[in-house]
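# Summary of structural features
Listed here are the chains, written in short residue letters.
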Amino acid sequence: MTSQPIAHPDTPQAPTPEQIRRAPKVLLHDHLDGGLRPGTIVDLARESGYGNLPETDPDKLGIWFREAADSGSLERYLETFAHTCAVMQTREALVRVAAECAEDLAEDGVVYAEIRYAPEQHLEQGLTLEEVVEAVNEGFREGERRAKANGHRIRVGALLTAMRHAARALEIAELANRYRDLGVVGFDIAGAEAGFPPTRHLDAFEYLKRENNHFTIHAGEAFGLPSIWQALQWCGADRLGHGVRIIDDIQVADDGTVKLGRLASYVRDKRVPLEMCPSSNLQTGAATSYGEHPIGLLRKLRFRVTVNTDNRLMSGTSMSREFEHLADAFGYTLTDFEWFTVNALKSAFIPFDERLAMINDVVKPRYAELRAEWLFR
Ligand SMILES: O=c1[nH]cnc2c1ncn2[C@H]1C[C@H](O)[C@@H](CO)O1
Ligand SMILES: [Zn+2]
């Protein structure tokens, strides 16, 4: 007689989509201009007279963004932002987009988010850089209030991005510093990576370091190890946006033995946070499938991995969807998702005592509660 394995109560269960949605989540890498509701784009285009939208039906427009972004190239992917930025040129539009962003994230169970955008891309109709930042901050506060009224708690901080092909990084870094403690928690550079190394903006990073401020750099997405190396060792980034290509410095032998190169060792040993965005990487060609995404190996090797959405509109995704994809690909359980979430809080740019309180008083108790649900089924 063959004995049947006895189901042990501690057996990790695949979380349901509903449990994933209710689990507290933390998002460090999400672009404001990559997360608009399609219906809002249509409204704002109509109000502002922007006539270049490829579709005016919200459902079709959502599909258009996902398909257009699914190009296999970061450069082509980035072209889709022309339409979102075009409708984010007034104070009212920015307030609305930011408020809805906070609401949508809270609805999805995100409790803390750092949302980035490039103020220099919102000046076409006469707003100043300061007016852009103030409008977005006002929207985030409004969104936090609306979320609270709907029974969800969320805190949103802004990251100011400078575009790497442009030459305004120092100005944007100064802006980030001026609005520090006033809703802005750090700085970033984004845009096409190949041909635009982060060292082009060394003056901005050196300024931020002198000011004891925080920054992340998109690196190792569309370009490899030299970009990651520069971001860390020349520019002094606190975190890496994507960083997927760190996998190029890791060798796995046929017998499963793993050897880290010097840069990969540095990233792991120094606990450099990786802001990984699986769906976005599939669209830009930085990874081939969820199952083959480097996040699986990096999580096993205990790099400081975090999970992020990058652009919810372009990828048709959310934090819950990203977790679901990873649960399907790697069999992750609530314990894995708690680990990613704690990693994200450890890497956030808000003060240490607030991060710790969020981990101990929000994240851990709620994951424990979710894990205990099988007791009461
Ligand atoms: O994944 C990305 N890599 C590089 N740049 C990006 C990515 N997603 C969005 N951006 C760009 C386009 C946006 O207009 C800009 C600011 O949010 O940042
Ligand atoms: Zn990004």
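The structure displayed is predicted, hence computed values, not measured ones. (Residues numbered from 1 in each chain as written. Chains lettered and ligands numbered in written order. Predicted model: local features only at pLDDT ≥ 70, side-chain atom pairs only at ≥ 80, totals over all residues. Heavy atoms only, no water.)

### Some thoughts on the packing of aromatic side chains
For the structure on display, the rule yields 12 aromatic pairs. Taking 5.5 Å as the distance between ring centres and 65° as the angle between the ring planes, the aromatic pair formed by Trp 339 and Phe 340 counts as edge-to-face. Like Phe 340, Trp 339 is buried. Sitting above the plane of the Phe 349 ring, Arg 239 keeps its charged end 3.9 Å from the centroid. Seen from the ring of Trp 339, Arg 299 lies directly overhead, with NZ or CZ sitting 4.1 Å from the centre. (Phe/Tyr/Trp six-rings, centres within 6.5 Å; stacked < 30°, edge-to-face > 60°. Buried < 20%, exposed > 50% of the residue type's maximum accessible area, 1.4 Å probe, protein only. Lys NZ or Arg CZ within 6 Å of the ring centre and 35° of its normal.)

### Regarding the UniProt feature "binding site: substrate" (unreviewed entry) in the protein chain
Feature annotation in UniProt places "binding site: substrate" (unreviewed entry) on His 31, Asp 33 and Gly 191, given in this structure's numbering. With the annotated positions falling across 161 residues, the maximum pairwise C-alpha distance of 12.6 Å places them together in a single cluster. Note that His 31 resides in strand β1 (residues 25-31). Taking relative accessible area as the criterion, His 31 reaches 10% and is therefore assigned buried. Of the polar contacts made by the side chain of His 31, one reaches the side chain of His 29; its length is 3.3 Å. Mapped onto the elements, Gly 191 comes out in the loop between β4 (184-190) and α9 (202-210). (UniProt positions renumbered as here; feature names shortened; annotations may be inferred. Helix = DSSP H or I, 4+ residues; strand = E, 2+ residues; numbered from the N terminus. Polar contact = N/O pair within 3.5 Å; in protein donor to acceptor, adjacent residues only side chain to side chain.)

### Here we look at empty space enclosed by the protein
Applying the stated criterion to the full structure yields two cavities of 30 Å³ or more. The calculated volume of the largest cavity comes to roughly 40 Å³. Forming the walls of the largest cavity are Leu 32, Gly 35, Leu 36, Arg 37, Val 97, Glu 100, Cys 101 and Asp 104. Residues of the lining of the largest cavity, tallied by class, amount to four nonpolar, one polar and three charged. A volume near 30 Å³ is recorded for the second largest cavity. Around the second largest cavity, the lining residues are Val 26, Val 307, Met 319, Phe 323, Phe 340, Thr 341 and Ala 344. Only α15 (319-330) and α16 (334-347) provide two or more residues apiece to the lining of the second largest cavity. (1 Å grid on protein atoms, 1.4 Å probe; cavity = no way out; pocket = protein on both sides within 12 Å on 5 of 7 lines; lining within 4 Å. Points joined across faces, edges and corners; volume = space filled by probe spheres on them. Nonpolar A, V, L, I, M, F, W, Y, C, P; charged D, E, K, R; others polar.)

### Regarding the sheet that holds strand β2 (residues 110-117)
Strand order across the open sheet formed by eight strands is β1-β2-β3-β4-β5-β6-β9-β10, with parallel pairing between neighbours. With partners counted over all chains shown, the strands left at the sheet margins are β1 and β10 (305-307), one partner each. Across this sheet, the average inter-strand angle for adjacent strands is 25°, counted without regard to direction. Bridge analysis of strand β9 (residues 274-276) against β10 gives three bridges, and the strand direction is parallel. Pairing of Leu 274 across the sheet is with Val 305, part of β10. Against the sheet, helix α7 (residues 129-149) contacts β2, β3 (155-163) and β4, and its axis sits at roughly 155° relative to β3. Together, β1, β2, β6 (239-242) and β10 form the strand contacts of α16, whose direction differs from that of β10 by roughly 105°. (Pairing = 2+ DSSP bridges. Axes fitted to C-alpha atoms, helices over the stretch in contact; angles between N-to-C directions. Contact = heavy atoms within 4.5 Å.)

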